[in-house]
Amino acid sequence: MASTTMPKFSFPILRTLKHTLQPYPYLLLSLPRKFPSSNLRVQGKILSKSLGLKSFNLSNKVVFLVTSTCMRRGECSCSQLRAISSLAAGQEAIPKTESEVDEEGPKTGTLPTNESLGEQGQELVVLPTNESSETLLRLRHTSAHVMAMAVQKVIPEAKVTIGPWIEKGFYYDFDIKEPLAEKDLKKIKKEMSLNLLNPLMRLITKICSSSMSEYLLLVGILILILDSASRDLYATDCEEWWDLCAGPHVERTGQLNRKAIELESVAGAYWRGDEKRQMLQRIYGTAWETEEQLKAYQVQKVEAKRRDHRRLGQDLDLFSIQEDTGAGLVLWHPKGALVRQLIEDYWKKIHLRKGYELLYTPHVAKLDLWKTSGHIDFYKENMFDQMDIEEELYQLRPMNCPFHIQVYKHVPRSYRDLPIRYAELGTVYRFERSGALHGLFRVRGFTQDDAHIFCLPDQIRSEIRGVLDLTEEVLTQFGFKRYEVNLSTKPEKAVGSDEIWSRATTALKQALDDKGWDFCIDEGGGAFYGPKIDLKIEDAIGRKWQCSTIQVDFNLPERFKLSYVDSEDKKQPIMIHRAIFGSVERFFGILIENYAGDFPLWIAPVQARLLPVTDTEVPYCKEVVAKLKENDIRAEYADGERLAKLIRNAETEKIPLMAVVGPKEVQSRTLTVRTRHGGELGTLSIEEVIQKIENSVATRTLL
């Protein structure tokens, strides 16, 4: 959606613009209100003639919208807009009556059953998404219009720009001189509520034109370049305010539930995301179908804030991202590095067991390699600048694929060698704008759990099934058992024959069917080089995270001239890209938030902490810690504080097991054990404690 304040101009200026305007297929011109509303077709011919255009009709792909120039946002004669857009569409626009709207009623999505909110034991409504509920999408898009209207009533000088729906609601960017404050949001929300108590806005018609590319302000005339589909004209009944937008929208704002809409925050945003252009003020809001959904979302939002991995990473001393080091570059502190090591050790062990071969490859390569792979042509904006080394250009790697291909190419391959499965925890470097960086979720240097499978065409199905089984096994180990699976098929522009695309897509479908997983098909959503499967995991509070991906690739084998020899001739193998975590950094951030920093015993950086009552018990604590470490148990002791403070510190640091050691324990050579989840375990021998910890780690269960 887009908008601007329409400037005044004189009619003779039109005559000077015919060479400027002629190349554009669709034009939106701002004309004075004084133009009479009668005989619009005659007026159109006059204007067309003054611009050197043949006529005012659809065949010339010229649409004139007669609007106001003296009121903000496009307060105009909507009867004129309706009439002209009808001419453009080649049919009469008949808006729905109020009775029709009331009879039809608002469309609402079905609420799924409730799920548990993790360890809190609270009930959480499983919230609908934009993908699962078109009604929700329409509500959010319409709410953005209602907010824009309210902003311009509260702040008359505000200029509106763009404002789409987003994952949890909507936003709108405004050009406002004074910074917005919390009190302004309250005023705007109040104005929105008043408007919704007396619903004014409704969908008037569709205009035969589509995606808005850019506004050009030429000597006082607003020109909107459009292409081929349609735009919604959304306006108030009294015709004092309107908006032109792609939608989708509800028919009337009366279908919005004012108690299910909330304004959330204000942030700065550059026009069109370009940091060299004007800074605007962005207002974020959320909208839902029911008040209950809004309340459930707010509970989830509070819980998400409590689990924020950036705060917990600092509180638990797991990692940091420091200005002196560089934005988007992660420093792993000892505890975080230990958790990472445990994750990577498990990852390597299970991959070796499943027939993968591990690789280590360079972080940099000659520029020619990235030219061959196509990254320079298609991915350059995400890559760092090249380095000149001894008069040759080198490039930090944004991906691992070309290195694995080089290993495959190192020796001739026979069909008997396939499938070949290479896996690597490979660190890559990608340029991200500073405004897009976000903790561990969006960084500039990260480690992918990358793997590439080279196989025969008739091995695709079994290899994909193997990847799905491995993905399930790995994610289950970390507590993720609910997934959303999507299969993306051939896009309009693609490499590879229709036959191989059909064969690969069918193999992916069959593998998913064999697995017994429900999945959605995203028609045309595949990469240009092959179909893919994407998997989102659901965390403890119902949020979904994109992690695992499986992609069939017909492009890189062709670019690098990969081959194998069968009984007849040389042939090209199929290449499958595959990642389970996505990246170690992102997955670690998800783990932190899923467990709220309270890691399961098997990956907790400190598994047990001994707490001496007095300094007298410290020697015994040292002895016990040494014995626990001999059994690969991550143990330590803490002293120097009163016992109550030591216990509080252990709880704050989320230590899974703590043992209070007093004179009684020293004398009997035992430990009085307490766990975070199981409570008091009583007095146990050191051997019993070791056995309980080892059993819990082996079975991945709580102690």
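The structure displayed is predicted, hence computed values, not measured ones. (Residues numbered from 1 in each chain as written. Predicted model: local features only at pLDDT ≥ 70, side-chain atom pairs only at ≥ 80, totals over all residues. Heavy atoms only, no water.)

Participant: In this structure, what is going on with the overall build of the protein? I would like to understand it.
Facilitator: For the protein, the helix and strand inventory stands at 20 helices and 32 strands. Taking all 703 residues of the protein together, the buried fraction comes to 51%. Considering only contacts in the protein between residues 6 or more positions apart, those separated by 24 or more positions represent 70%. When the accessible surface of the protein is totalled, it reaches about 33,300 Å², and 50% of it is carbon and sulfur. (Helix = DSSP H or I, 4+ residues; strand = E, 2+ residues; numbered from the N terminus. Buried < 20%, exposed > 50% of the residue type's maximum accessible area, 1.4 Å probe, protein only. Contact = heavy atoms within 4.5 Å. Areas by Shrake-Rupley, 256 points an atom, 1.4 Å probe, with all protein chains shown as cover.)

Participant: Would you mind showing me how to read the sheet that holds strand S30 (residues 657-661) here?
Facilitator: Pairing between the strands of a sheet comes from backbone hydrogen bonds, and it takes one of two forms, parallel or antiparallel. Sheet architecture is open: 5 strands sit in the order S29-S28-S30-S31-S32, paired in mixed fashion. A single partner strand is all that each edge strand has here, and the edge strands are strand S29 (635-637) and strand S32 (679-685). Averaged over all pairs of adjacent strands, the angle between their axes in this sheet comes to 25 degrees, without regard to strand direction. Seen against the sheet, helix H20 (residues 686-699) touches S30, strand S31 (670-675) and S32 and runs at an angle of roughly 130 degrees to S32. (Pairing = 2+ DSSP bridges. Axes fitted to C-alpha atoms, helices over the stretch in contact; angles between N-to-C directions.)

Participant: Explain the packing of helix H9 (residues 334-353) against helix H16 (residues 584-595) here, please?
Facilitator: A pair of packed helices is captured by two measures, namely the crossing angle of their axes and the spacing between those axes. At a minimum axis separation of 11 Å, H9 and H16 run at an interaxial angle of 110 degrees. The orientation of H9 relative to H16 falls into the category roughly perpendicular. Of the residues in H16, those in contact with Gly336, Val339, Arg340, Ile343 and Glu344 of H9 are Val584, Glu585, Phe588 and Leu591. A per-class count over the contact of H9 with H16 returns 5 nonpolar, 1 polar and 3 charged. (Parallel < 35°, antiparallel > 145°, perpendicular 65-115°, else oblique. Nonpolar A, V, L, I, M, F, W, Y, C, P; charged D, E, K, R; others polar.)

Participant: Please explain the confidence of the model for the protein as it appears in this structure.
Facilitator: A low pLDDT means the predicted coordinates there should not be read in detail. For the protein, mean pLDDT is 80; residues scoring 70 or higher make up 75% of the total. Within the model, the stretch residues 50-122 combines pLDDT values under 50 with 174 contacts to residues more than four positions away or in other chains. Contacts for the low-pLDDT stretch residues 204-231, under 50 throughout, to residues beyond four places or in other chains number 105 contacts. (pLDDT = per-residue confidence, 0-100.)

Participant: Would you mind showing me how to read the pattern of salt bridges here?
Facilitator: A pair can form between side chains of opposite charge whenever their charged atoms are brought close. Summed over the entire model, instances satisfying the criterion amount to 36 salt bridges. Between Lys571 and Asp566 there is a salt bridge; the shortest N-O distance is 3.0 Å. By relative accessible area, which is 16% here, Asp566 ends up buried. One salt bridge connects Arg609 with Glu653, and the closest N-O pair in it is separated by 2.7 Å. Of this pair, Arg609 sits in strand S28 (residues 608-612) while Glu653 sits in the loop between helix H18 (643-652) and S30, and the two are 44 residues apart along the sequence. Judged by its relative accessible area of 5%, Arg609 falls in the buried class. (Salt bridge = Lys/Arg side-chain N within 4 Å of Asp/Glu carboxyl O.)

Participant: I tried to follow the nonpolar core on my own but got confused; where do I start?
Facilitator: Here is a general trend for soluble globular proteins: nonpolar side chains tend to be buried in one another's company. Residues Ile464, Phe478, Ile537, Phe587, Phe588 and Leu591 are the most contacted members of the largest nonpolar core, which totals 64 residues. Apart from the residues lying within four places of it in its own chain, the contact partners of Ile464 are Leu508, Ala511, Ile533, Ile550 and Ile576. (Core = buried A, V, L, I, M, F, W, Y, C linked by side-chain atoms within 4.5 Å.)

Participant: Please clarify how the packing of aromatic side chains should be interpreted in this entry.
Facilitator: Any aromatic ring pair is given by two values, namely how distant the centres are and how the planes are angled relative to each other. Here the structure, examined in full by the defined rule, presents 21 aromatic pairs. An angle of 80 degrees between the planes, with centres 5.9 Å apart, marks the rings of Tyr346 and Phe478 as edge-to-face. With Tyr346 in helix H9 and Phe478 in the loop between helix H13 (460-477) and strand S21 (483-488), the pair connects residues that are 132 residues apart, well separated along the chain. Here Phe478 falls in the buried class, since its relative accessible area comes to 1%. Counting every residue linked through ring pairs, the aromatic cluster contains Tyr346, Phe478, Phe480, Phe581, Phe587 and Trp602. Positioned above the aromatic ring of Trp288 is the side chain of Arg140, whose terminal nitrogen or guanidinium carbon lies 4.3 Å from the ring centre. (Phe/Tyr/Trp six-rings, centres within 6.5 Å; stacked < 30°, edge-to-face > 60°. Lys NZ or Arg CZ within 6 Å of the ring centre and 35° of its normal.)

Participant: Is there a simple way to think about unusual backbone geometry in this case?
Facilitator: Trans peptide bonds make up the majority, and among non-glycine residues the majority have a negative phi. Put simply, Leu418 and Pro419 share a cis peptide bond, and its omega is 5 degrees. Following the sequence through the fold, Pro419 ends up in the loop between helix H12 (401-409) and strand S19 (420-429). For Asp632, which is not glycine, the phi dihedral falls at a positive 60 degrees. As for its position among the elements, Asp632 is in the loop between helix H17 (618-630) and S29. Relative accessible area serves as the criterion here: at 66%, Asp632 is assigned to the exposed category.

Participant: Just to check I follow, could you spell out the pairing of S21 for this structure?
Facilitator: A regular strand places its side chains on the two faces of the sheet in alternate fashion. Pairing of S21 with strand S23 (residues 532-538), which is carried by 6 bridges, proceeds in the antiparallel orientation. Bridging across to S23, Glu484 finds its partner in Lys536. Two strands pair when backbone bridges link them, and S21 and strand S22 (residues 520-522) are joined in this way by 3 bridges, in the parallel orientation. Across the sheet, Ser488 pairs through a bridge with Asp522, a residue of S22. Where the polypeptide runs from S21 across helix H14 (residues 498-515) and back to S22, its parallel neighbour, the crossover connection is right-handed. (Right-handed = clockwise from strand over helix to strand, strands pointing away.)

Participant: Would you explain the side chain of Glu593 in this entry?
Facilitator: For Glu593, the position within the fold is in helix H16. In this view, Glu593 contacts Arg307, Asp308, His309, Phe441, Arg543 and Trp545; residues no more than four positions away in its chain are not counted.

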